[in-house]
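Close look at the chain arrangement
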Amino acid sequence: MTSQKHIVIIGAGVGGTATAARLAKQGFRVTVVEKNDFSGGRCSLIHHEGHRFDQGPSLYLMPKIFKEAFADLDEKIEDHIDLLKCENNYKVHFYDGDSIHLTSDLVRMKNEIERYEGEGEKPFLNYLKFLSESHIHYERSLIMALKRNFEAWYEMFQPKYAPEVFHLHLFHKVYSRAAKYFKSKKMRMAFTFQSMYMGMSPFDAPATYNLLQYTEFAEGIWYPRGGFNKVVQSLEQIATQKYGASFIYNAPVSKINVDLQSKITTGVTLENGEIIQADAVVCNADLIYAYNHLLPPCSWSKRVGESKLTSSSISFYWSMDRIIPQLDVHNIFLANAYQESFDEIFKHHSLPSEPSFYVNVPSRIDPSAAPEGKDSVIVLVPIGHIVPGKAKDYDQMVSKARQMVLDVLKARLGYDISRYIAHEDFNHPVKWQQKFNLWRGSILGLSHDVFQVLWFRPSTKDSTGRFDNLFFVGASTHPGTGVPIVLCGSKLTADQVTKHFGYKTIKSTKPRPIHLQEFDTSKVWYYAAFLFVLICSLFYGFPQENGTAASFINGHLPRSFRVQ
């Protein structure tokens, strides 16, 4: 290393901030430029007269990943964040007024399971078998997907991964696997709605994502005192005060500067005309937005812009003038027309006629979230993302969603809470797009279909192959969406940048990139034979509820490549 390299990071979201801290620790000069005047992106806060709301994430899951992220920075997370454990994971309200508490307490869960699945040994054993399967999904996904970067296609097609295709149930769906263990509709609903956190329908999401249920029941649901943004604040403090990174706010980027002939980026130009030179750029802005607005156009940019997206949301932030005791920290209200409501979101890209929705009351666990004697209430109603050419009146949709939510709350809680709402803020797809440059207002980026994960997902390094020093981190980049998953991605991206410049990586177990290896041509036949066996196994063992393997693959290809 002859001189300190300068890295510019676009966006102070979770991924950008964590990557900044990691790279600054490695000795890089790091500058983070953020379009807004606050940190965190979607993981930010809204304040109103003593009320505090998490604008996006509110469930602190997979706590070991957070702990590891801080440990990598030579810090103890408990020195920065006061974590509060939820006594109940959720209170789930069903369509007929019935409700259930989901909890990590096995004694209480046994009683709840028996209420719906019947008494005897089998119902509870089935619940434990479901947890066992989701535990396998969790542990093996950590190793195979979340902590490994797939820099070349052949890294995914290795014999050691063959059993994982079956253990992870990649070609089954979240709902179909739950249906194997639970016979009642209500229990199937209670153990599948979590796919909403990935912005996906449980009838479409790969069964692998049952790992969310595992972490909730085995590790619990937590909340950082002061709001989820405390995680980002702490990472920024470490990055700046300990390792010397700098953050510039109110600095929207107009373009990433490139030298097409040399195949490199040279820095960024801000909207005010300022140019910041850099030896490499890490983009934490929405990936699809960046490829279509910050970089020179290309066919790949257009194709990724048409990829399958996660849902959007209408989110309400209510300052209540009193405490609403019937609401727990995390509350789920499920529609009777469960599958139909998801179809309206993901197939028709609309507001469901009977929505399932999530209600969070941070003041129930952290009194600092609201003035004394009052509550802060967040309501998230999943809806379809923006569809080009199909104009919608989102203000009217917000009014309709608000009334539907209030009607459901009145029916299931027993009284009208609308009279206690002292103030309201809200987000809808256009607002999400305007605030955070989210492509078509999709709040969680690219979907996690089978052919949009692992090597198929946009890479942590420029997927077009045009720029050798352009890197990505965030929801639409490998390994995927969600705060803990993006934290895993920050390590993968930081390691890749570090290796690019010849710095020594920390605790890196990834193989060297193909261009740094002496390629053994004898491996070609080895991988070809393995790939042939894998494809044959796929077609032979493909689950019948998904149709044929060929139709499944065809349905997940970009539209321009599909057989009609």
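Labelled according to an unreviewed UniProt entry, the chain appears under the name Phytoene desaturase, originating from Umbelopsis ramanniana AG. Here is the UniProt Pathway (unreviewed entry) comment for the chain, exactly as written: "Carotenoid biosynthesis." A UniProt comment under Cofactor (unreviewed entry) is attached to the chain, and it reads "NAD(+)".

Examining a nonpolar patch on the surface
A cluster of nonpolar side chains, contributed by L106, L125 and L128, occupies part of the molecular surface with about 240 Å² of accessible area. Tracing the sequence through the fold places L125 in helix α4 (residues 121-146).

Examining helix α12 (residues 338-346)
The element α12 is largely enclosed, with a buried count of seven among its nine residues. Every buried residue of α12 is accounted for by Y338, S341, F342, D343, E344, I345 and F346. Among the structural elements, α6 (174-181), α7 (185-190) and β17 (376-383) are those in contact with the buried residues of α12.

Some points on the confidence of the model for the chain
Taken residue by residue, the chain gives an average pLDDT of 89. The fraction at 70 or more is 87%. Taken as a whole, residues 508-526 scores under 50 in pLDDT and shows 20 contacts with residues more than four places along the chain or in a different chain.

Side note on the side chain of S442
Here S442 is to be found in the loop between α14 (429-436) and β19 (470-472). There is a polar contact of 3.1 Å between the side chain of S442 and the backbone oxygen of G445. Residues in contact with S442, not counting those within four places in the same chain, are L309, T310, S311 and H385.

With respect to a positive patch on the surface
A surface patch of positive charge is lined by K122, K129, K180 and K183. Along the chain, K180 turns up in helix α6.

Some thoughts on the environment of V32
By the secondary structure assignment, V32 is in strand β2 (residues 29-33). For V32, a relative accessible area of 0% gives the class buried. Between the C-alpha atoms of V32 and N284, which are 252 residues apart in sequence, the distance is 9.7 Å. In this view, V32 contacts I9, G11, A12, A20, S246, F247 and I248; residues no more than four positions away in its chain are not counted.

Topic: the sheet that holds strand β16 (residues 357-360)
The mixed open sheet is built from seven strands, whose spatial order is β7-β6-β15-β16-β17-β14-β18. Where the open sheet ends on each side, the last strands, each with one partner, are β7 (99-102) and β18 (421-427). On average, each strand axis in the sheet is tilted by 20° relative to the strand beside it, whichever way the strands run. In the packing of α14 onto the sheet, contacts are made with β14 (312-320), β17 and β18, and the angle to β14 comes to roughly 90°.

Some details on the nonpolar core
Membership of the largest hydrophobic core comes to 103 residues, with the highest contact counts inside it found for L102, F191 and F193. Top element by residues in this core is α4. It accounts for nine residues. Leaving out residues up to four positions away in the same chain, F193 has contacts with Y90, V92, L102, I332, L334 and Y338. V253, I276, C298 and W439 belong to the second largest nonpolar core, which has 29 residues in total.

Focus: the pairing of strand β15 (residues 330-333)
Burial along β15 is two-sided: the residues H330 and I332 and N331 and F333 are all buried. Sheet analysis places strand β6 (residues 90-93) next to β15, joined by three bridges and oriented parallel. Of the residues in β15, the one forming a bridge with K91 is N331. As judged from the four bridges shared by β15 and β16, these two strands associate in the antiparallel manner. Note that in β16 the partner of F333 across the bridge is F357.

Here's the deal with empty space enclosed by the protein
Counted according to the given criterion, the structure contains three cavities of 30 Å³ or more. Considering only enclosed or pocket space, the largest cavity measures out at about 220 Å³ in volume. For the lining of the largest cavity, the elements supplying multiple residues, two or more each, are α4 and α8 (211-219). Element by element, the count of residues in the lining of the largest cavity is highest for α4, at four residues. Class assignment of the residues belonging to the lining of the largest cavity gives a composition of 13 nonpolar, four polar and no charged.

Details of unusual backbone geometry
With omega at 10°, the peptide bond leading from H478 into P479 counts as cis. Here P479 lies in the loop between β19 and α15 (483-500). Unusually for a residue other than glycine, M62 sits at a positive phi of about 55°. Of note, M62 is situated in the loop between β4 (51-54) and α2 (63-72). Residue M62 is classed as buried on the basis of its relative accessible area, which comes to 2%. Of note, R440 is a non-glycine position whose phi angle comes to about 55°, a positive value.

Side note on the sheet that holds strand β9 (residues 246-248)
Pairing between the strands of a sheet is mediated by backbone hydrogen bonds and can be parallel or antiparallel. Read from one edge of the open sheet, five strands run β9-β2-β1-β13-β19, paired in parallel fashion. Because the sheet does not close on itself, it has two edges, and the strands there are β9 and β19. Taking the axes of each pair of neighbouring strands and ignoring which way they run, one obtains an average angle of 20° across the sheet. Sheet topology note: the strand β1 (residues 6-10)/β2 ladder contains five bridges and is parallel. The residue of β2 that forms the bridge with H6 is R29. On top of the sheet, α15 reaches β1, β13 (280-283) and β19; it is set at about 165° to β19, its chief contact.

Rules of the game
Every chain is numbered independently, its residues counted from 1 as its sequence is written. Reporting of local features is limited, given that this is a predicted model, to residues whose pLDDT is at least 70; pairs of side-chain atoms are given and counted only at 80 or more, and all residues count toward the totals for whole chains, interfaces and linings. Hydrogens and waters are ignored; side-chain quantities use all the structure's heavy atoms. UniProt positions are given in the numbering used here, feature names are shortened, and annotations may be inferred rather than shown by experiment. Without a salt bridge and with relative accessible area above 30%, a residue can belong to a patch; like charges are then joined within 9 Å and nonpolar side chains (Val, Leu, Ile, Met, Phe, Trp, Tyr) within 5 Å. Note on areas: these come from Shrake-Rupley sampling with a 1.4 Å probe, and a residue is covered only by the protein chains present in the view. Salt bridges, as used here, are contacts in which a Lys or Arg side-chain nitrogen is within 4 Å of a carboxyl oxygen on Asp or Glu. Secondary structure elements follow DSSP: runs of H or I of four or more residues count as helices, runs of E of two or more count as strands, with numbering from the N terminus. We call a residue buried when its accessible area falls under 20% of the maximum for its residue type, exposed when it is over 50%, and partly exposed in between, using a 1.4 Å probe and counting protein chains only. Contacts are assigned to residue pairs that have any heavy atoms within 4.5 Å of one another. The pLDDT value tells you how sure the predictor is about a given residue, anywhere from 0 up to 100. For this analysis, a polar contact is any N or O atom pair within 3.5 Å, provided that within protein one partner can donate a hydrogen and the other can accept it, and provided that sequence-adjacent residues contribute only side-chain to side-chain pairs. Asp and Glu count as negative and Lys and Arg as positive, but His and the ends of the chain are not part of the count. Note on charges: their place is set at NZ of Lys, CZ of Arg, CG of Asp or CD of Glu. Note on pairing: DSSP must find at least two bridges between two strands before they are called paired. Only the stretch in contact is used when a helix axis is fitted, and all axes are lines through C-alpha atoms; the angle between N-to-C directions ranges over 0 to 180 degrees. Working definition of a nonpolar core: buried Ala, Val, Leu, Ile, Met, Phe, Trp, Tyr and Cys residues. They are joined through side-chain atoms within 4.5 Å. Method remark: on a 1 Å grid restricted to protein atoms, a set of points is classed as a cavity if a 1.4 Å probe fits but cannot get out and as a pocket if it is open with protein on both sides within 12 Å along at least five of seven lines; lining residues have an atom within 4 Å of a point. Grid points are joined across faces, edges and corners, and a volume is the space filled by probe spheres set on the points. Here the term charged refers only to Asp, Glu, Lys and Arg, the term nonpolar to Ala, Val, Leu, Ile, Met, Phe, Trp, Tyr, Cys and Pro, and the term polar to all other amino acids, Gly among them.

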